[in-house]
Amino acid sequence: MKVPLKIKNKMKNHAVVKVAMMLRMLAWIIGCEKSNDSKHNPPPDHTISKDGFMHKSGLEQPIVNCVSCHGSDLKGGTTGVSCFECHGTKW
């Protein structure tokens, strides 16, 4: 039994729409990961990974090594990224 051309084209279009929707959903999911967030996109000298977030060497002494970018209170400074977003009240 042959499927009429008109029905065949509709089925093909339906499959294309499904694939496009799946790709959009995948892009949305990937785009929502923190690692892709421009706010959490550190400079190249941040080479130490802690819980998926990159830090610069000397992270054990944040008051000495992190204040120049994250501010004297470590609440964002010029980077706009507060250390307390991840570290809570540890410091």
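Above: the structure in question.
The rules behind these values
- Residues numbered from 1 in each chain as written.
- Predicted model: local features only at pLDDT ≥ 70, side-chain atom pairs only at ≥ 80, totals over all residues.
- Heavy atoms only, no water.
- Helix = DSSP H or I, 4+ residues; strand = E, 2+ residues; numbered from the N terminus.
- Buried < 20%, exposed > 50% of the residue type's maximum accessible area, 1.4 Å probe, protein only.
- Polar contact = N/O pair within 3.5 Å; in protein donor to acceptor, adjacent residues only side chain to side chain.
- Contact = heavy atoms within 4.5 Å.
- Salt bridge = Lys/Arg side-chain N within 4 Å of Asp/Glu carboxyl O.

(A) Broad picture of the side chain of His55. Examined against the element boundaries, His55 turns out to sit in strand 2 (residues 53-55). The class of His55 is buried, set by a relative accessible area of 16%. In this structure the side chain of His55 is engaged in a polar contact, spanning 3.0 Å, whose partner is the backbone oxygen of Phe53. Those residues within four positions of His55 in sequence are excluded, and the remaining contacts are Asp45, His46, Thr47, Ile48, Lys50 and His87.

(B) Spatial organisation of the pattern of salt bridges. In total, this model carries one salt bridge according to the counting rule given. A salt bridge links Lys56 to Asp45; the nearest nitrogen and oxygen atoms lie 3.4 Å apart. Placement of Lys56 in the loop between strand 2 and helix 2 (62-65) and of Asp45 in the loop between helix 1 (5-31) and strand 1 (48-50) is noted, with a sequence separation of eleven residues between them. Residue Asp45 is classed as partly exposed on the basis of its relative accessible area, which comes to 38%.

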